[in-house]
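Report on the structure
Chain by chain, the residues:
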Amino acid sequence: MYELSRIRLYSIGPAGARYADTVLDLRGVGAEVPDPAPTQAEFFEDEPVGPPRRPAPAGVLFLENGGGKSVLLKLIFSVMLPGHRNTLGGASSGVLRKFLLADDCGHVALEWQHTLTGECVVVGKVSEWRGRQVSNDPRKFAEAWYSFRPGPGLSLDSLPVAESTAVRPSAEGASGAQGRRRTMKGFRDALTEAGKAYPHLEVHWEEIHDRWNEHLGDLGLDPELFRYQREMNADEGEAAGLFAVKKDSDFTDLLLRAVTDTRDTDGLADLVHGFGNKLGRRAELMAERDFTAGSVELLGRIVDAAGTRARAPGTWPRSGSTAPGIRCSVPPWRWPTPTAGC
């Protein structure tokens, strides 16, 4: 199990309330880690004194209305629950795209610490506009996700978001990013090079939502837990509403949603829905089948009768027509006037 240790937001956020380079630090104020794993400090970093401690078990963010609490949550959930349909609060599909300016390459990076060993893992999201131009076309909004295990060579502080990154910030909370912002390609190249130089970082890059969700599960960060967090933070009082079950079937539905992967049941649901529609029209379809079968039978009789009549000798052909295979010994000038049915 992991706990959120630090959050870094770089060059992202709505106009007028942007995060230039902000780190929210929750480290070192919780209980001691019971079974700490051996770690190697970053280059030029002071050795830790005493046993490692867990992050803060809880925190309160005091901001007035419109101060950016929902924006912060939206950015965090965009890492753990990718996809516009998972946007916090049921907002429009383009709300996250409004947090990025034309020349931005925005980052949201989360550092998680294991509760038993103290080992850390960083997961993040990077996004930018293709062509450096804001557009209403979602296909021009590029986004990708990455993860690594911090250590010598790369950490949350030394994330290569800019062309020059200080190994160690000049002051606590100060930005280590220097120079021009890297593009998404430049950031990926720098991340890949660090992974090759330091294999222990276990750098991973992903651009597909489902694969990223699977990777989070492999790391021990279950996206399903964050889906419930998203629902509880969708609006004021939503935490109580999520668990407000009025009958046993509501609780059963809640339990099934919690333990069942919807991707496994979507196909079955579509199949049952299709059969349900057919069963609902069963009486109508059976009447249509019986009518069609009866019509075919009657029409078959008419066709058989017409064929028998055409093959019968001495049948008078209609005026101006011939009946192949039928000989008539009566001269044409003595043919009777054709009547209906002849």
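Further up the page is the structure itself.
Residues numbered from 1 in each chain as written. Predicted model: local features only at pLDDT ≥ 70, side-chain atom pairs only at ≥ 80, totals over all residues. Heavy atoms only, no water.

We now examine the overall build of the chain. From N to C terminus, the chain includes 8 helices and 8 strands. Relative to its full complement of 342 residues, the chain shows a buried share of 32%. Considering only contacts within the chain whose residues lie at least 6 apart along the sequence, 62% involve residues at least 24 apart. Of the roughly 21700 Å² that the chain leaves accessible, carbon and sulfur atoms contribute 55%. (Helix = DSSP H or I, 4+ residues; strand = E, 2+ residues; numbered from the N terminus. Buried < 20%, exposed > 50% of the residue type's maximum accessible area, 1.4 Å probe, protein only. Contact = heavy atoms within 4.5 Å. Areas by Shrake-Rupley, 256 points an atom, 1.4 Å probe, with all protein chains shown as cover.)

Another aspect to go through is helix 3 (residues 209–219). Inspection of helix 3 places Trp 212, His 215, Leu 216 and Leu 219 among the buried residues, and these make up the whole buried set. Seen along its axis, helix 3 keeps its buried residues to an arc of 105 degrees; they face one direction. The exposed set on the far side of helix 3, more than 90 degrees from its buried face, consists of Arg 211 and Asp 218. Gly 220 sits one or two positions beyond helix 3 and adopts a positive phi of about 100 degrees. (Arc of directions from axis to C-beta.)

Let us now look at the nonpolar core. Counting 31 residues, the largest nonpolar core has Leu 9, Leu 75, Met 80, Leu 110, Trp 112, Val 123 and Leu 221 as its most contacted members. Setting aside chain neighbours within four positions, we find Met 80 in contact with Leu 110, Trp 112, Val 123, Asn 213, Leu 216, Leu 221, Pro 223 and Phe 226. Judged by nonpolar contacts, the second largest core, of 21 residues, contains Tyr 10, Val 126, Ala 144 and Val 161. (Core = buried A, V, L, I, M, F, W, Y, C linked by side-chain atoms within 4.5 Å.)

A cluster of nonpolar side chains, namely Leu 268, Leu 271, Val 272 and Phe 275, defines an oily patch on the protein surface of about 410 Å² accessible area. Along the chain, Val 272 turns up in helix 7 (residues 262–280). What makes Val 272 exposed here is its relative accessible area of 52%. (Patch = residues over 30% accessible without salt bridge, like charges linked within 9 Å, V, L, I, M, F, W, Y side chains within 5 Å. Salt bridge = Lys/Arg side-chain N within 4 Å of Asp/Glu carboxyl O.)

Reading across from one edge, 2-1-3-4-5-8 is the order of the 6 strands in this open sheet, with antiparallel pairing throughout. Since the sheet does not close on itself, it has two edges, and those belong to strand 2 (19–25) and strand 8 (204–206), each with one partner. Taken over all neighbouring pairs, the strand axes of this sheet differ in orientation by 15 degrees on average, direction set aside. The sheet strands contacting helix 1 (residues 69–80) are strand 1 (2–12), strand 2, strand 3 (105–114), strand 4 (120–129) and strand 5 (141–148), and the helix crosses strand 3 at an angle near 75 degrees. Across the sheet, helix 3 is in contact with strand 1, strand 4, strand 5 and strand 8; its angle to strand 5 comes to roughly 15 degrees. (Pairing = 2+ DSSP bridges. Axes fitted to C-alpha atoms, helices over the stretch in contact; angles between N-to-C directions.)

Turning our eyes to something else, we now look at the pattern of salt bridges. Evaluated as defined, the whole model comprises 18 salt bridges. Among the ionic pairs, Arg 54 bridges to Glu 3, the shortest N-O distance being 2.5 Å. With Arg 54 in the loop between strand 2 and helix 1 and Glu 3 in strand 1, the pair connects residues that are 51 residues apart, well separated along the chain. According to the relative accessible area criterion, Arg 54 is partly exposed, its value standing at 27%. On the basis of relative accessible area, Glu 3 is assigned to the buried category, the value being 14%. With a closest N to O distance of 3.8 Å, Asp 104 and Arg 181 form a salt bridge.

Following the sequence through the fold, Ala 15 ends up in the loop between strand 1 and strand 2. Between the C-alpha atoms of Ala 15 and Leu 100, which are 85 residues apart in sequence, the distance is 8.5 Å.

The next thing to look at is the packing of aromatic side chains. Describing an aromatic ring pair means giving the distance of the ring centres and the angle of the ring planes. For the coordinates displayed, the defined rule picks out 4 aromatic pairs. Between Trp 129 and Phe 141, the ring centres sit 5.2 Å apart and the planes meet at 65 degrees, which makes this aromatic pair edge-to-face. In this pair, Trp 129 is assigned in strand 4 and Phe 141 in strand 5, connecting sequence segments 12 residues apart. Among the residues examined, Trp 129 registers a relative accessible area of 2% and is labelled buried. Ring geometry for Phe 187 versus Trp 205: centroids 6.3 Å apart, planes at 45 degrees, classification tilted. Separated by 18 residues along the polypeptide, Phe 187 in helix 2 (residues 184–197) and Trp 205 in strand 8 bring together distant segments of the chain. Trp 205 matches Phe 187 in its accessibility class, with the two residues each being buried. Members of the aromatic cluster, joined through ring pairs, are Tyr 146, Phe 187 and Trp 205. (Phe/Tyr/Trp six-rings, centres within 6.5 Å; stacked < 30°, edge-to-face > 60°.)

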